[in-house]
Each structure stands twice: as C-alpha cells, then as structure tokens.
Amino acid sequence: AALQDHRDVRARARRVEVVDDQFDGSRTGGVAEQRGVGPGRTAREVPTWVVTAAGADTAKKKALAALGVEIVEVPAGPDGRIEAKTALAALGLRGLTRVLVEGGGTLAAALLKADLVDRVAWFHAPTVLGGEGRPAVGALALAALAEMPRFAPVARTAAGPDGLVTFRRLGR
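Reference entry: report on the structure contained in this document. (Residues numbered from 1 in each chain as written. Predicted model: local features only at pLDDT ≥ 70, side-chain atom pairs only at ≥ 80, totals over all residues. Heavy atoms only, no water.)

## Some points on the overall build of the protein
Assigned secondary structure in the protein consists of four helices and six strands. Out of the 172 residues in the protein, the part that is buried amounts to 26%. Of all intrachain contacts in the protein linking residues separated by at least 6 positions in sequence, the fraction that spans at least 24 positions is 55%. Summing over all exposed atoms, the protein offers an accessible surface of approximately 11000 Å²; the carbon and sulfur share of this is 54%. (Helix = DSSP H or I, 4+ residues; strand = E, 2+ residues; numbered from the N terminus. Buried < 20%, exposed > 50% of the residue type's maximum accessible area, 1.4 Å probe, protein only. Contact = heavy atoms within 4.5 Å. Areas by Shrake-Rupley, 256 points an atom, 1.4 Å probe, with all protein chains shown as cover.)

Dropping the structure here:
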C-alpha cells in the first residue's frame, strides 16, 4: 500500500529538474516526456519546472519553455553551481513545500549538509555491489562522528524483490 501511495503522489506531482549553470542538457533528457510519470506524458500534462542558474543559455531555456516547461532561475553560488537552499527556497516561493528528490550521492550530500532533509526513502536491492558502485551519499566533510545527520526508521515495505525503508530525521 505504501508503494502504491508513493506512485499516486508521484503521478499528481510536479516534476522538477535541476540543471547546472552551463545548462548543457546533460540533466534535462526526458524533461518534456515525463520518465517518472509514464511514457508519453509531457510537460504540458504534468507541470514541469527546470531550476537553473540565472544567465543560463537563453536558446535552451526558450526551447524548453516552448514545450511547456516553466524555467525557474536562481542565482548561482560562489562555485558557479546552484545551491540546494537557493533552489528549494525558489520552489517554496511557488508553493512547493514538499519535494521528492531523486539523485546521486552529490545531491544527497548537498541536501544533508544544508540541513534540508526531513525524511529519507531508501530503496535497496538484495545484492552487494561493493567498491565498484557509486556512493549513495557523497562526502559530508564532518569534523566528528557526532555531527552525522541521524534518522530513525518509521516504515519498512517490500517493493518487489527490493526493500524500501523510510526514515525520519531526529533532533528536530
């Protein structure tokens, strides 16, 4: 039931893609056709926003806008990349106060470092990949183990052969 609820929420949700300041398209594949919502679903059917750094490629922004994608521009951070707090603040100003984030270890670490994670949905397969895999969470630059973000499990669900454990943030 929890997995079905997850699918229902996802089907009703806006899709938000975050793009770097270069707006090179490497992270925008499938924006106009919604991979996560279903084949053939477009940005005109499922409200889709792309968060990008101000000053990104105008032609690429116009091309996505013509497909029905709303472009949300935010200032880039000192390193030229979009900062997690800035992106989420821009979405909050548009009424989005809950966000399901799917991404790699770098994004997960950025959100954790910025103290922006309230819940974690951790999908895991019954396999062991080892050091050849990619880390689920990038470096957090902790000075001491006591600084680790702490979570408590609140639900465990089977998702086919995989498992889903949901955690909530402690200490808030």
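Alright, that's what it looks like, and here's the rest.
## With respect to the side chain of T166
Relative to the helices and strands, T166 resides in strand 6 (residues 162-169). Setting aside residues up to four positions removed in sequence, T166 forms contacts with R119, V120, A121, A152, P153, V154 and A155.

## Here's the deal with the sheet that holds strand 4 (residues 119-124)
Backbone hydrogen bonds are what pair the strands of a sheet, in a parallel or an antiparallel way. Taken together, the three strands give an open sheet; going across it, the order is 4-6-5, and neighbouring strands pair in antiparallel fashion. The open sheet has two free edges, formed respectively by strand 4 and strand 5 (151-159), since each of these has just one partner strand. Strand-to-strand, the axes of this sheet are offset by a mean angle of 20 degrees, without reference to chain direction. As paired elements, strand 4 and strand 6 share six bridges and run antiparallel to each other. Paired with V120 across the strands is F167, a residue of strand 6. (Pairing = 2+ DSSP bridges. Axes fitted to C-alpha atoms, helices over the stretch in contact; angles between N-to-C directions.)

## What to know about the pattern of salt bridges
Evaluation of the coordinates by the stated rule reveals three salt bridges. With its nearest N and O atoms 2.8 Å apart, the salt bridge here joins E73 to K61. Of this pair, E73 sits in strand 3 (residues 70-74) while K61 sits in helix 2 (residues 58-66), and the two are twelve residues apart along the sequence. Looking at E73, the relative accessible area reads 42%, which means it is partly exposed. We note a salt bridge from R169 to D115, for which the minimum N-O separation is 3.1 Å. With R169 in strand 6 and D115 in the loop between helix 4 (105-113) and strand 4, this residue pair connects regions lying 54 residues apart in the sequence. On the accessibility criterion, D115 (42% relative accessible area) is partly exposed. (Salt bridge = Lys/Arg side-chain N within 4 Å of Asp/Glu carboxyl O.)

## Observations concerning a nonpolar patch on the surface
Nonpolar side chains collect at one region of the surface, where V99, V101 and L107 lie side by side and expose about 210 Å² of accessible area between them. Counting through the fold element by element, L107 comes out in helix 4. (Patch = residues over 30% accessible without salt bridge, like charges linked within 9 Å, V, L, I, M, F, W, Y side chains within 5 Å.)

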